[in-house]
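Given next are the chains, with one letter for each unit.
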Amino acid sequence: MSLAPSLSEMIARARSDMRMGVPVVLRSGAGAALAVAAEDVSPERLSDLRNLGTPYLAITARRAETLSARAYDGDLARLALPSDVDVDWIEAVANPADDLTHPMKGPFQSARGGDAICARAAIALAKSARLLPAAVMVDVTNALEIAATHGLTVLPVEPALPHMADLAPLQDVIHARVPLVASEKSRVHVFRPDDGGEEHFVVEIGRPDRAKPVLARLHSACFTGDLMGSLKCDCGPQLNAALTQMGEEGAGILLYLNQEGRGIGHANKMRAYSLQDQGFDTVEANHRLGFEDDERDFRIGAAILKEMGFSAVRLLTNNPNKIARMEDQGIKVTERVPLKVGENRYNEAYLATKARKSGHLL
C-alpha cells in the first residue's frame, strides 16, 4: 500500500502552489531550481530567493520577442535579474500592460549556457495555472534539504514535463435532466479530468443516434460573451444558435469546454482585452502576454465524444483547425455546418482577425 501522491497529483499540487505564489522545487538530472510565479512573487520571497543564489526570470519566446530579448533557449528566455530591481520590475517585464507607456525595459541579458528544462517546466506550470507564463527562478544544489525545511513541493522535471502535455483521463462524473429553452429534452453531463484541472460540460439534446454523425459543437467557455452578453466577440450568439439548431433538429451534442480566452484563463483574457484597447488585435495581444495564438486543447472534445460513444460528427464551426484536430483524434467530420452569427460594430475587427490570422471561414 502506498499513500504517496502520483505524478499527476504532484503536478496538480505544484500547479496549485504556483497559483498561491508558493515556491516549487523543480529537480532534473541537470540540477534543480526553485520557481515562483512572476505575477505572485512577494518582496519577502524575492529576498529569500536572493539569499539562495542569483535569481533569473524565465519568460516565453513570444514575450521575449516583444521585449527585444534574446531567446537562446528557443521556446523561452532566461533573463538575468539585476541586483537592484524589485517585484515591480518583475511585474513590468512579465506583464505587457505598460509596454506602450514605458517601452524601454531593457537591455536584457539572456542566459546562453546550461540546461533550460527547469525553466521550461516552470512556464508550463504557470500556463496550466492560468497565470502569466513567467517565473522567477534560482538554481540550487541542496534542493531536497530546502524542500524538507520549508515544506515545499518537489517535482521531478524529466517525467513531469512530457506528462503535462498528455491529455488527462476524463470521467463522466454525473449527468442529469436539465430542460432548456432550446429543448426541454436535454441532459447535462459533467466531465472531470484526473489531473485536478477544470471540469467540462456536455449538453446532450434529445437521444442522438451513436451510429450516425451527430450535430455537434465544441464551444469554449466565454464568461463575458455567454453570460454577460459582451459585444466584443460572437461567442454568446454562437452558443445560443448552436443550441437552437440542435433543438430544432431534435438531437445534438454541445461540448462546453472550460478553456476561457482561447485557453489562457479569465485574468489573462482581461489582460488581452486591455491590450486590445491599446490598439493590438487578438493574436498580437496573446503574443505580448507570452502566449501562442491559441492555447486550447481540442483533444479534450474528441476524448469526450469517444467516451459518449460518438465516432462521427456534423461539426458546427467556422474554424478549420477544430475539424483537423477532430480528424487527428479519430473523430470523423462528415460535414462542416457554418455558424455565422453575432457580428456587430464592436467585434468587426475581432472577426476580421480570426479570418485573416486564424483561418476562420467567415
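Here the residue index of a chain counts from 1 through its sequence in written order. The model is predicted, so local features are restricted to residues of pLDDT at least 70 and side-chain atom pairs to those at 80 or more, both for listing and for counting; the totals for chains, interfaces and linings are taken over all residues. Side-chain numbers come from the whole structure's heavy atoms, not from hydrogens or water.

A. Focus on the overall build of the protein chain. For the purposes of this entry, the term helix denotes a DSSP run of H or I that reaches at least four residues, the term strand denotes a run of E that reaches at least two, and both are numbered from the N terminus. What the protein chain contains, in helices and strands, is 15 helices and 13 strands. Restricting the calculation to C-alpha atoms gives the radius of gyration, and the globule rule supplies 2.2 Å times the number of residues raised to the power 0.38. Taken over C-alpha atoms, the radius of gyration comes to 22 Å for the protein chain, in line with the 21 Å a tight globule of 362 residues would show. Counting only C-alpha atoms and orienting by the principal axes, one finds that the protein chain spans roughly 65 × 60 × 30 Å. Buried residues are those whose accessible area, probed at 1.4 Å on protein chains only, stays under 20% of the maximum for their type, while exposed residues exceed 50% and partly exposed ones sit between those limits. Per-residue burial for the protein chain yields a buried fraction of 49% across its 362 residues. For the protein chain, contacts bridging at least 24 residues in sequence account for 67% of all contacts bridging at least 6. Between two residues, a contact is recorded if the distance between any of their heavy atoms is within 4.5 Å.

B. How the structure looks around the sheet that holds strand β7 (residues 170-177). The sheet built from 7 strands is open, its strands ordered β7-β8-β9-β11-β10-β12-β13 with mixed pairing. The sheet is open, and its two edges are formed by β7 and β13 (332-337), each paired on a single side. Strand-to-strand twist across the sheet, computed as the mean angle between neighbouring axes with direction ignored, equals 25°. When DSSP finds two or more bridges between two strands, those strands count as paired. As paired strands, strand β8 (residues 186-193) and strand β9 (residues 200-205) are joined by 6 bridges and run antiparallel to one another. Residue pairing for β9: Arg187 is matched across the bridge by Glu204. To get an axis, a line is fitted to the C-alpha atoms, and for a helix only the part in contact is used. The angle between two axes follows their N-to-C directions and goes from 0 to 180 degrees. The strands touched by helix α9 (residues 235-249) within the sheet are β9, β10 (214-220), β11 (252-257), β12 (312-316) and β13, with β10 carrying the most contacts at an inclination of about 160°.

C. Structural view of the packing of aromatic side chains. Pairing of aromatic rings covers Phe, Tyr and the six-membered ring of Trp, with a centre-to-centre limit of 6.5 Å; geometry is then stacked below 30 degrees between planes, edge-to-face above 60, and tilted otherwise. Counted according to the given criterion, the structure contains 1 aromatic pair. Between Trp89 and Phe108 the ring centres are 6.2 Å apart and the planes differ by 55°, which places this aromatic pair in the tilted class. Residue Trp89 is found in helix α4 (residues 87-94), and its partner Phe108 is found in the loop between α4 and α5 (117-128); the two are separated by 19 residues along the sequence. Note on Phe108: relative accessible area 18%, which makes it buried. The criterion is that NZ of a Lys, or CZ of an Arg, lies within 6 Å of the ring centre and within 35 degrees of the ring normal, and then a charge sits over that ring. Over the aromatic face of Tyr72 sits the side chain of Arg112, whose NZ or CZ is 4.3 Å from the ring centroid. One cation-aromatic arrangement involves Lys232 over Tyr273; the distance from NZ or CZ to the ring centre is 4.7 Å.

D. Quick look at the domain arrangement of the protein chain. An automatic or database domain assignment supplies the residue ranges for each domain. Here the protein chain is partitioned into domain 1 (7-163) and domain 2 (170-259 + 296-358). Just the C-alpha atoms count here: the centres of domain 1 and domain 2 sit 35 Å apart.

E. The arrangement of a nonpolar patch on the surface in detail. Patches in this entry comprise residues that are over 30% relatively accessible and not in a salt bridge; like charges within 9 Å are linked, as are nonpolar side chains (Val, Leu, Ile, Met, Phe, Trp, Tyr) within 5 Å. All accessible areas in this document rest on Shrake-Rupley with a 1.4 Å probe, and a residue is counted as covered only by the protein chains that are shown. Salt bridge, as used here: a side-chain nitrogen of Lys or Arg that lies within 4 Å of a carboxyl oxygen of Asp or Glu. On the surface, Phe223, Leu227 and Met228 cluster together into a nonpolar patch covering about 350 Å² of accessible area. Tracing the backbone through its elements, the reader meets Met228 in the loop between α8 (223-227) and α9. For Met228, a relative accessible area of 55% puts it in the exposed group.

F. Molecular detail of helix α6 (residues 143-150). For α6, the complete set of buried residues consists of Ala143, Ile146 and Ala147. Looking straight down α6, one finds that the buried residues subtend no more than 100° of arc, so they occupy a single side. For α6, the exposed residues set more than 90 degrees away from the buried face come down to Glu145, Ala148 and Thr149. Tucked into the core, α6 has its buried residues touching β1 (24-28), β2 (31-37), α2 (43-52), β5 (134-140) and β6 (153-156). The reported arc concerns the directions from the helix axis to the C-beta atoms and nothing else.

G. Region of the structure containing the pattern of salt bridges. By the definition in use, this model includes 24 salt bridges. Taking the shortest distance from any N to any O, the salt bridge between Arg271 and Glu39 comes out at 3.1 Å. Of this pair, Arg271 sits in helix α11 (residues 266-277) while Glu39 is found in the loop between β2 and α2, placing the two residues 232 residues apart along the sequence. Note that Asp234 and Lys354 form a salt bridge whose closest N and O atoms lie 3.3 Å from each other. Linking Asp234 in the loop between α8 and α9 with Lys354 in helix α15 (residues 348-358), this pair joins segments that are 120 residues apart in sequence. Comparing Asp234 with Lys354, the two get one shared label, buried. Each member of the salt-bridge network shares a partner with another, and the members are Arg63, Asp98, Asp99, Lys105 and Arg288.

H. Region of interest: the UniProt feature "binding site: Zn(2+)" (unreviewed entry) in the protein chain. UniProt positions are given in the numbering used here, feature names are shortened, and annotations may be inferred rather than shown by experiment. UniProt's entry tags Cys222, Cys233 and Cys235 with the feature "binding site: Zn(2+)" (unreviewed entry), counted in the numbering of this structure. By secondary structure assignment, the location of Cys222 is in the loop between β10 and α8. Among the secondary structure elements, Cys235 is positioned in helix α9.

I. Region of the structure containing the side chain of His200. Here His200 is to be found in strand β9. Classification of His200 by relative accessible area gives buried; the value is 4%. Residue contacts for His200: discarding those within four places in its chain leaves Leu170, His189, Val190, Phe191, Tyr256, Leu257, Asn258, Ile300 and Ile304.

J. Looking closely at the packing of helix α1 (residues 7-20) against α5. Where α1 contacts α5, the two axes come as close as 9 Å, and the packing angle between them is 75°. Comparing their axes, α5 and α1 come out roughly perpendicular. Between α1 and α5, the residues in contact are Ile11, Ala14, Arg15 and Met18 and Ala122, Leu125, Ala126 and Ser128, respectively. When residues are grouped by polarity, Ala, Val, Leu, Ile, Met, Phe, Trp, Tyr, Cys and Pro land in nonpolar, Asp, Glu, Lys and Arg in charged, and all others, Gly among them, in polar. When grouped by side-chain class, the residues that make up the contact of α1 with α5 number 6 nonpolar, 1 polar and 1 charged. Note on angle classes: values under 35 degrees are labelled roughly parallel, values over 145 roughly antiparallel, values of 65 to 115 roughly perpendicular, and the remainder oblique.

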